[in-house]
Amino acid sequence: MTASPDDTPYDLSRYVRDVGTLFDRGLDLEERVRLIAQCKRRLVNGGQALPARLGVPDPSAPYTRNLAHVDPQGRFVVIVLVWGAYQETTIHDHSNWCVVGVHAGTAHVTDYDRLDDESNPDAAELIVRGSSMAFTGAVLALLPPSRSNIHKMANASRAPMLSIHTYGDPGTRANVFHLKTGTREVMELKFHNIPEGVAPESVRLV
Ligand SMILES: [Fe+2]
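For every chain, the first residue of its written sequence is number 1, and the numbers climb from 1 along that sequence. Side-chain atom pairs in this predicted model are given and counted only at pLDDT of 80 or more, local residue features only at pLDDT of at least 70, and totals for whole chains, interfaces and linings cover all residues.

A. Local environment of the environment of Ile150. With respect to the secondary-structure elements, Ile150 resides in the loop between strand 7 (139-142) and strand 8 (151-155). Around each residue's C-beta, the other C-beta atoms within 10 Å are counted; 20 or more make the residue buried, 12 or fewer make it exposed, and counts in between make it partly exposed. All C-beta atoms are placed from the backbone. Classification of Ile150 by C-beta neighbours within 10 Å gives buried; the count is 24. Distance from Ile150 to His178, taken between C-alpha atoms, is 12 Å for residues 28 residues apart in sequence. Residues are scored as being in contact if the C-beta atoms we place from backbone atoms lie within 7 Å. Those residues in contact with Ile150, other than ones at most four positions away along the chain, are Ile91, Asp93, Tyr112, Arg114, Leu126 and Phe177. Only DSSP runs of H or I with at least four residues qualify as helices, and only runs of E with at least two residues qualify as strands; both kinds are numbered from the N terminus onward.

Laid out in C-alpha coordinates, this is it:
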(Lines give C-alpha, C1' and ligand atoms only; values in the text may rest on other atoms or scores of the structure.)
Protein backbone atom coordinates (compact mmCIF):
# COMPACT_ATOMS: atom_id res chain seq x y z
CA MET A 1 0.00 0.00 0.00
CA THR A 2 1.30 3.45 -0.84
CA ALA A 3 1.37 5.81 2.12
CA SER A 4 -0.61 8.99 1.70
CA PRO A 5 1.20 12.22 2.65
CA ASP A 6 -0.67 12.25 6.00
CA ASP A 7 0.77 8.86 6.92
CA THR A 8 4.34 10.06 6.64
CA PRO A 9 6.12 10.76 9.93
CA TYR A 10 5.62 14.26 11.28
CA ASP A 11 9.18 15.50 11.13
CA LEU A 12 10.88 18.88 11.10
CA SER A 13 10.33 19.43 7.38
CA ARG A 14 6.59 18.76 7.67
CA TYR A 15 6.43 21.10 10.66
CA VAL A 16 8.19 23.89 8.77
CA ARG A 17 5.85 23.44 5.82
CA ASP A 18 2.78 23.59 8.08
CA VAL A 19 3.98 26.75 9.83
CA GLY A 20 4.49 28.41 6.43
CA THR A 21 0.94 27.40 5.43
CA LEU A 22 -0.45 28.97 8.61
CA PHE A 23 1.16 32.27 7.63
CA ASP A 24 -0.40 31.97 4.19
CA ARG A 25 -3.87 31.82 5.80
CA GLY A 26 -3.64 35.41 7.08
CA LEU A 27 -4.69 34.53 10.65
CA ASP A 28 -4.42 36.99 13.48
CA LEU A 29 -1.35 36.64 15.66
CA GLU A 30 -2.95 34.81 18.59
CA GLU A 31 -4.73 32.27 16.41
CA ARG A 32 -1.62 31.67 14.32
CA VAL A 33 0.54 31.10 17.40
CA ARG A 34 -2.10 28.76 18.86
CA LEU A 35 -2.04 26.66 15.68
CA ILE A 36 1.78 26.75 15.46
CA ALA A 37 1.79 25.40 19.03
CA GLN A 38 -0.47 22.54 17.89
CA CYS A 39 1.98 21.69 15.10
CA LYS A 40 4.87 21.91 17.56
CA ARG A 41 3.06 19.52 19.94
CA ARG A 42 2.74 17.06 17.07
CA LEU A 43 6.42 17.46 16.21
CA VAL A 44 7.79 16.90 19.73
CA ASN A 45 5.40 14.03 20.42
CA GLY A 46 5.93 12.32 17.09
CA GLY A 47 9.06 10.42 18.05
CA GLN A 48 10.96 11.54 14.96
CA ALA A 49 14.70 12.10 15.32
CA LEU A 50 16.06 15.48 14.32
CA PRO A 51 18.78 15.74 11.68
CA ALA A 52 21.99 14.71 13.47
CA ARG A 53 23.75 18.08 13.02
CA LEU A 54 21.04 19.81 15.07
CA GLY A 55 21.83 17.75 18.16
CA VAL A 56 25.54 18.58 18.23
CA PRO A 57 26.58 20.57 21.32
CA ASP A 58 29.16 23.35 21.18
CA PRO A 59 31.38 22.78 24.23
CA SER A 60 32.29 26.48 24.41
CA ALA A 61 28.67 27.66 24.60
CA PRO A 62 26.60 28.21 27.76
CA TYR A 63 23.94 26.27 25.84
CA THR A 64 23.97 25.44 22.14
CA ARG A 65 21.79 27.18 19.54
CA ASN A 66 21.71 25.32 16.23
CA LEU A 67 19.88 27.10 13.42
CA ALA A 68 17.44 24.62 11.86
CA HIS A 69 15.43 26.69 9.37
CA VAL A 70 15.01 30.25 8.11
CA ASP A 71 11.71 30.85 6.34
CA PRO A 72 12.58 31.98 2.79
CA GLN A 73 9.92 34.68 3.08
CA GLY A 74 11.44 35.97 6.32
CA ARG A 75 8.45 35.19 8.55
CA PHE A 76 9.99 32.85 11.14
CA VAL A 77 13.08 30.91 12.17
CA VAL A 78 13.43 27.50 13.85
CA ILE A 79 16.32 26.91 16.25
CA VAL A 80 17.22 23.68 18.06
CA LEU A 81 18.71 24.22 21.52
CA VAL A 82 21.02 21.56 22.93
CA TRP A 83 21.38 21.70 26.71
CA GLY A 84 24.02 20.06 28.87
CA ALA A 85 23.54 19.33 32.58
CA TYR A 86 21.74 22.25 34.26
CA GLN A 87 22.68 24.69 31.51
CA GLU A 88 20.48 27.78 31.45
CA THR A 89 19.76 30.99 29.59
CA THR A 90 20.05 34.46 30.98
CA ILE A 91 16.83 36.18 32.05
CA HIS A 92 15.59 37.61 28.77
CA ASP A 93 12.57 38.66 26.76
CA HIS A 94 11.32 38.14 23.19
CA SER A 95 10.42 41.03 20.94
CA ASN A 96 7.95 38.87 19.01
CA TRP A 97 6.07 35.58 19.40
CA CYS A 98 7.83 32.35 20.27
CA VAL A 99 6.74 28.68 20.45
CA VAL A 100 8.98 26.23 22.33
CA GLY A 101 8.65 22.45 22.36
CA VAL A 102 10.65 20.08 24.56
CA HIS A 103 11.88 17.32 22.27
CA ALA A 104 13.89 15.41 24.89
CA GLY A 105 14.63 15.91 28.57
CA THR A 106 13.04 18.25 31.10
CA ALA A 107 13.06 22.04 31.19
CA HIS A 108 12.57 24.37 34.12
CA VAL A 109 11.12 27.74 33.16
CA THR A 110 11.01 30.77 35.47
CA ASP A 111 8.74 33.68 34.55
CA TYR A 112 9.16 37.27 35.73
CA ASP A 113 6.96 40.34 35.97
CA ARG A 114 8.49 43.71 35.20
CA LEU A 115 7.66 46.33 37.82
CA ASP A 116 9.28 49.48 36.39
CA ASP A 117 7.81 51.73 33.69
CA GLU A 118 10.76 51.28 31.25
CA SER A 119 11.57 55.01 31.42
CA ASN A 120 15.23 54.23 32.15
CA PRO A 121 16.61 52.12 29.25
CA ASP A 122 19.42 50.70 31.39
CA ALA A 123 17.30 49.71 34.39
CA ALA A 124 14.66 47.07 35.08
CA GLU A 125 12.99 45.90 38.24
CA LEU A 126 11.78 42.30 38.09
CA ILE A 127 9.96 39.94 40.41
CA VAL A 128 9.50 36.19 39.99
CA ARG A 129 5.96 35.43 38.83
CA GLY A 130 6.30 31.65 39.00
CA SER A 131 8.10 28.68 37.60
CA SER A 132 7.14 25.43 35.95
CA MET A 133 8.53 22.15 34.72
CA ALA A 134 8.18 21.29 31.03
CA PHE A 135 8.64 17.60 30.29
CA THR A 136 9.33 15.89 26.98
CA GLY A 137 6.44 16.69 24.64
CA ALA A 138 5.45 19.92 26.41
CA VAL A 139 4.90 23.09 24.37
CA LEU A 140 5.04 26.70 25.60
CA ALA A 141 3.96 29.77 23.63
CA LEU A 142 4.86 33.41 24.26
CA LEU A 143 3.34 36.54 22.75
CA PRO A 144 4.41 40.19 22.68
CA PRO A 145 4.63 42.68 24.32
CA SER A 146 8.15 41.79 25.42
CA ARG A 147 7.67 43.05 28.99
CA SER A 148 5.02 40.34 29.48
CA ASN A 149 7.23 37.42 28.38
CA ILE A 150 10.42 37.82 30.45
CA HIS A 151 11.75 34.41 31.49
CA LYS A 152 14.68 32.09 32.01
CA MET A 153 14.86 28.53 30.68
CA ALA A 154 17.09 25.79 32.06
CA ASN A 155 17.79 22.12 31.74
CA ALA A 156 16.23 20.83 34.96
CA SER A 157 18.54 17.83 35.26
CA ARG A 158 21.89 16.30 34.37
CA ALA A 159 20.33 14.42 31.46
CA PRO A 160 20.78 16.03 28.03
CA MET A 161 17.86 18.14 26.83
CA LEU A 162 16.78 19.17 23.32
CA SER A 163 14.18 21.85 22.64
CA ILE A 164 12.85 23.27 19.38
CA HIS A 165 12.16 27.02 19.27
CA THR A 166 10.21 28.85 16.58
CA TYR A 167 10.49 32.64 16.62
CA GLY A 168 8.81 35.49 14.79
CA ASP A 169 12.07 37.42 15.13
CA PRO A 170 15.57 36.41 13.99
CA GLY A 171 16.42 35.02 17.43
CA THR A 172 19.70 36.94 17.45
CA ARG A 173 18.99 39.76 19.92
CA ALA A 174 17.22 40.04 23.27
CA ASN A 175 16.97 42.25 26.30
CA VAL A 176 18.88 40.60 29.14
CA PHE A 177 18.03 41.40 32.75
CA HIS A 178 20.30 41.29 35.78
CA LEU A 179 18.25 40.82 38.92
CA LYS A 180 20.72 41.84 41.58
CA THR A 181 21.85 45.07 39.94
CA GLY A 182 18.41 45.94 38.55
CA THR A 183 19.90 46.52 35.11
CA ARG A 184 19.01 45.70 31.53
CA GLU A 185 21.22 45.36 28.45
CA VAL A 186 20.86 44.26 24.84
CA MET A 187 22.58 40.97 24.10
CA GLU A 188 23.50 39.59 20.67
CA LEU A 189 22.91 35.83 20.50
CA LYS A 190 25.04 33.51 18.39
CA PHE A 191 24.24 30.40 16.42
CA HIS A 192 26.51 27.37 16.74
CA ASN A 193 27.47 24.59 14.31
CA ILE A 194 26.49 26.77 11.36
CA PRO A 195 26.17 24.56 8.27
CA GLU A 196 28.46 25.35 5.38
CA GLY A 197 26.98 27.89 3.02
CA VAL A 198 24.72 29.53 5.63
CA ALA A 199 25.78 33.00 6.71
CA PRO A 200 24.31 33.78 10.14
CA GLU A 201 24.07 37.44 9.18
CA SER A 202 21.61 36.37 6.48
CA VAL A 203 19.03 35.67 9.17
CA ARG A 204 16.80 38.68 8.64
CA LEU A 205 13.07 38.56 9.04
CA VAL A 206 10.51 40.90 7.54
FE1 LIG B 1 13.36 32.62 25.57
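Read on, since the account is not over.
B. Structural view of helix 1 (residues 12-24). Expected span of a helix, by definition, is 1.5 Å for each gap between consecutive residues, and there is one gap fewer than residues. For helix 1, which comprises 13 residues, the first-to-last C-alpha distance of 19 Å matches the rise-based estimate of 18 Å (1.5 Å per residue) to within 8%. Leu12, Tyr15 and Val19 are the residues of helix 1 that are buried. Viewed end-on, helix 1 has its buried residues packed into an arc of 60 degrees, placing them on one side of the element. Across helix 1 from its buried face, at more than 90 degrees, point the exposed residues Arg17, Thr21 and Asp24. Of the surrounding elements, those touching the buried residues of helix 1 are helix 2 (29-44), strand 1 (64-70) and strand 9 (161-167). In the stretch just after helix 1, Gly26 is the one whose phi turns positive, near 65 degrees. The directions from the helix axis to the C-beta atoms form the arc being described.

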